[in-house]
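# A closer look at the structure
If you want the building blocks of each chain, they are given just below.
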Amino acid sequence: MGKLLKWIGSDSAVVSLAAILLGLVCGAIIMLAGGYNPVAAYIALFQKVFGSRYDFGETIREITPLIFTGLSVAFAFRTGLFNIGAEGQFLIGMTGATFIGVKLSGLPWIVHAPLAVIVGAVAGGLWGAIAGWLKASRGVNEVITTIMLNWIALFFSNYITSAFLLQPGQQRSYMIRDSASMSIPWLAEAFGNARLHWGTPVALLGAAVFYVILWRTKLGYELRAVGHNPHAAQYAGMNVNRRIIAAMFAAGIFAGLAGVFEVLGVFHYQTVMAGSPGYGFDGIAVALLGMNNPLGVVLGAALFGGLTYGSAGMSFGADVPPEIIRIVIGSVIFFVATQGIVRYVLLPFYRRRGKEVAKA
Amino acid sequence: VSYLNQFADLINITLVFATALLFGALGGIVSERSGVTNIAIEGLMTVGAFASAVATYYMEQADMPGPAPWVGLVAAAALGMAFAWIHAVASITFKADQVISGIVINFLAAGFTVYLVKLLFQGAGQTETLNAVFTKWAIPGLSAIPFFGRAVFTAYPTTYIAMILVFVVYYVLFRTPFGLRLRSVGEHPSAAATAGIRVLRVRYIAVLLSGALAGLGGATITLTTTSNFSHNSISGQGFIALAAVIFGKWNPLGALGATLFFGFAQALNNWIQLFSWSRSIPQEFIFMLPYVLTILVLAGAVGKARMPSALGEPYDPGKR
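Residues numbered from 1 in each chain as written. Chains lettered and ligands numbered in written order. Predicted model: local features only at pLDDT ≥ 70, side-chain atom pairs only at ≥ 80, totals over all residues. Heavy atoms only, no water.

### Structural notes on the overall build of chain B
We count it as follows: By the criteria applied, helices consist of DSSP H or I runs no shorter than four residues and strands consist of E runs no shorter than two, each listed in order from the N terminus. Each radius of gyration reported is based on C-alpha atoms, and the globular scaling rule is 2.2 Å times the count of residues to the power 0.38. Buried, partly exposed and exposed residues are distinguished by accessible area as a fraction of the type maximum, computed with a 1.4 Å probe on protein chains only: under 20%, between the cut-offs, and over 50%, respectively. Note on contacts: a residue pair is in contact if any heavy atoms of the two residues lie within 4.5 Å. Residue exposure ignores everything except the shown protein chains as possible cover, and the areas themselves are Shrake-Rupley values with a 1.4 Å probe. In this tally, Asp and Glu contribute negative charge and Lys and Arg positive charge; neither His nor the terminal groups of the chain are included. Think of each charge as sitting on NZ of Lys, CZ of Arg, CG of Asp or CD of Glu.
Summing up its helical and strand segments, chain B has 12 helices and 2 strands in all. Radius of gyration (C-alpha) of chain B: 20 Å, near the 20 Å computed for a compact globule of 320 residues. By principal-axis analysis of the C-alpha atoms, chain B measures approximately 65 × 50 × 40 Å. Per-residue burial over chain B gives 56% buried out of 320 residues. For chain B, the share of sequence-separated contacts (at least 6 apart) that also reach a separation of at least 24 residues comes to 77%. On chain B, roughly 12900 Å² of surface is accessible, and the fraction owed to carbon and sulfur atoms is 65%. A gap of 13 Å separates the mean positions of the 17 positive and 11 negative side-chain charges of chain B.

### With respect to the overall build of chain A
Helices and strands together make up the secondary structure of chain A, namely 15 helices and 0 strands. Taken over the C-alpha atoms alone, chain A extends approximately 75 × 60 × 35 Å along its principal axes. The buried share among the 360 residues of chain A stands at 55%. Nonlocal contacts in chain A, meaning residues at least 24 apart in sequence, comprise 78% of its contacts between residues at least 6 apart. Counting only carbon and sulfur atoms, one obtains 67% of the accessible surface of chain A, whose full area is about 15700 Å².

### Remarks on the pattern of salt bridges
Rules: By salt bridge we mean one thing: a side-chain nitrogen of Lys or Arg within 4 Å of a carboxyl oxygen of Asp or Glu.
Here the structure, examined in full by the defined rule, presents 10 salt bridges over all chains. When the shortest N-O distance is used, the salt bridge between A:E62 and A:R61 registers 3.7 Å. You can call A:E62 buried: its relative accessible area is 10%. A residue is classified by how much of its surface remains accessible, and A:R61, at 7% relative accessible area, is buried. With a shortest N-O distance of 3.0 Å, B:D9 and B:R150 are connected by a salt bridge. With a gap of 141 residues between them, B:D9 in helix α1 (residues 2–33) and B:R150 in helix α5 (residues 148–151) connect regions that are remote in the sequence.

### Points about the packing of aromatic side chains
All names here are of chain A. Spelled out, the test is: Whether two aromatic rings pair depends on their centres lying within 6.5 Å, for rings of Phe, Tyr and Trp, where Trp uses its six-membered ring; planes under 30 degrees apart make the pair stacked, over 60 edge-to-face, and the rest tilted.
As enumerated under the stated definition, the model contains 34 aromatic pairs over all chains in all. Pairing F68 with F261 gives two aromatic rings, centres 5.9 Å apart and planes at 5 degrees, and the pair type is stacked. You can see F68 sitting in helix α3 (residues 53–78) and its partner F261 sitting in helix α11 (residues 240–267), a full 193 residues away along the chain. The same class applies to F68 as to F261, namely buried.

### A few points about the confidence of the model for chain A
To keep it simple, the criterion reads: Residue-level confidence of the predictor is what pLDDT reports, using numbers from 0 through 100.
Averaged over every residue, the pLDDT of chain A is 89; residues scoring 70 or more account for 94%. Averaged pLDDT values for the elements of chain A fall to 66 in helix α15 (residues 339–359) of chain A and rise to 96 in helix α4 (residues 86–103) of chain A.

### What to know about unusual backbone geometry
Phi at A:H268 takes a positive value of approximately 65 degrees, unusual for a residue other than glycine. Relative to the elements of secondary structure, A:H268 occurs in the loop between α11 and α12 (279–289).

### A short note on the interface of chain A and chain B
The criterion, for reference: In short, buried area is how much 1.4 Å probe accessible area vanishes from two parts on joining, totalled over both. Polar contacts here mean pairs of N or O atoms no more than 3.5 Å apart (in protein, one a potential hydrogen donor and the other a potential acceptor; neighbouring residues in sequence count only if both atoms are side-chain atoms).
Between chain A and chain B, the contact holds 42 residues from the first and 36 residues from the second. Interface area for chain A against chain B, summed over the two sides, is near 3500 Å², with a carbon-plus-sulfur share of 85%. Summed over the three residues of chain A that lose the most area to chain B, namely A:M148, A:W151 and A:F155, the buried surface amounts to 17% of that side. For the interface between chain A and chain B, the tally reads 1 salt bridge. Seen at the junction of chain A and chain B, the total is 4 residue pairs in polar contact (both at pLDDT 80 or more). For the side of chain A that touches chain B, the secondary structure elements donating two or more residues are α1 (2–33), α5 (109–138), α6 (142–165), α12, α14 (324–337) and α15 of chain A.

### Focus on the packing of helix α13 (residues 294–317) of chain A against α14(A)
Residues and elements named next belong to chain A. The condition that has to hold: Where helices are involved, their axes are fitted lines through C-alpha atoms of the stretch in contact, as for all axes, and angles between N-to-C directions lie from 0 to 180°. Angles are sorted into four bins: roughly parallel if under 35 degrees, roughly antiparallel if over 145, roughly perpendicular if 65 to 115, and oblique for all others. Should the near helix be turned anticlockwise from the far one by less than a right angle, the crossing is left-handed, and should it be turned clockwise, the crossing is right-handed. Here the term charged refers only to Asp, Glu, Lys and Arg, the term nonpolar to Ala, Val, Leu, Ile, Met, Phe, Trp, Tyr, Cys and Pro, and the term polar to all other amino acids, Gly among them.
Packing of α13 against α14 brings their axes to within 9 Å, and their N-to-C directions diverge by 155 degrees. Viewed along their axes, α13 and α14 adopt a mutual orientation that is roughly antiparallel. As α13 runs across α14, the sense of the crossing is right-handed. Contacts between α13 and α14 involve F304, L307, T308, S311 and M314 on the former and, on the latter, I324, I325, V328, I329 and V332. For the contact of α13 with α14, the residue count by class is 8 nonpolar, 2 polar and no charged.

### Regarding the environment of B:L296
Tracing the sequence through the fold places B:L296 in helix α12 (residues 283–298). Residues B:L296 and B:W250 lie 46 residues apart in sequence; the distance between their C-alpha atoms is 16 Å.

Right under this line is the structure:
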């Protein structure tokens, strides 16, 4: 049984890698068709990510929220729920943190900053729980409700920002107080003032917590059981509805934390947004690529964060519009989702391997 | 009389906003009635808006401004179908999760269109402003009727097309053999297959049609509202169209009502800004309205909605 699981694991890792390669190839073909040099573009991307300490630090900054939103989507997936709402939970978490960061004053860092983090996380969690509650009590599909809640979150966040937190004459909130900042100044200095913050270690810790909760606790067992077969879980005496709400609450906390640290660690203010920043949607891609497993999510976030940050280098270095990277990421998800195509492409390799095995 | 005229203008703006949503919603209905979830409407509208802007622009350059917007419409439907085909291949042939496939289309559409705009327009973030866009048609005779002439019978040609399409889609879905087949593969694909219906083929046709319709919706925005294409031309209208599908209970006539309502909310938002008292109302709450209503409808607070039974399930002939 263990061996079988290992085989499946390695097989899906192969499919993931093949999907990434095919995605990059798709991007290269489109660049060629547009008259660009894909090799120069990918080299420029690589150089942008690893070129300097500052850029490497900023890449880590870009990766961090993707780990959180990836964990958010993956956690819900494990309970059989499709959380498209990470985007909205991100925004609500962000707004909660900004509110505490701006409105409270005179508190020591050790109280203020953690309080802002917790309020933001819980706000994101509750936003997620709305979709969970609608599913559990009214049977409404979470895909549609989370899409709608994303837009509601966008407008609601803008309302809170512009009605209560707005710095006069600006399209953004007041700066948060220094006592709520989650930046790490000494580390930022070591990375050429890249905006590094406590969110990164917390995100990695979050991946560990993800694993412990789902595979080492009774609650996690029940969550996964609901994900595999809600009817069986119900029959076994589990309270499926409460588990659904719990899973969406947890997913919302993860996504909320992504927004929390964007404010407390990176920007220190919140703008009135015309559209969503997109970390939640990228989280879906990250979770898919990471096969909903915490280590996979961290790796997937590193890939997507690296590609996204490096794409700026493509436009400077090789004059390629950075939007090409959206096409690459889209293609990668496409190939992960339609594993049939990838397996078809890989078929010749599998055949050869089969023959070698047969010979031996 | 001036109040009456203002109210007529309000209705007129409502029709402009509702038209794009209506195309998108009709696309969503056709696809979802066949059992294929289509959260790709947003992306399909994006490629439609892009294709119409580019086609119209090149027609202008070729000194043919007359047929330009019509060519734009055709191009939008065609590119919408091309992207819908990707959705169909992934979710019907390869049985990928339809929601994921839809997200992929939205991703690809956002990247592809802006990439091409930058390629075609020397690095600019949006297309050139178009001159040969649609102008409003006053229907002879009817447009002379007081109030209604100003409100309803002086509209963009796309509005008339969309209104006609509502009844065409309704008729096809509920009064023709093809419509019956389309609905049956969305309700119970195995039973439909037993009755000799080629489930996959019907679903393919439905998804391609939805791409064409959503593409027209995107073109409507370019050719009647924005007069160019940029990355935020659509900005969520596809999701409002999706909301209208649900609010309209997967019925074209219901969707017509829903899109008129959402269009009215948008128009009202623009309209009340003409008055100084409106500044005290946070407009964010008006923006939220379509989304909040959708959730209320789904939660059963505003009438009960029943979605097609097989919605979201890939058809697998080997499965019981």
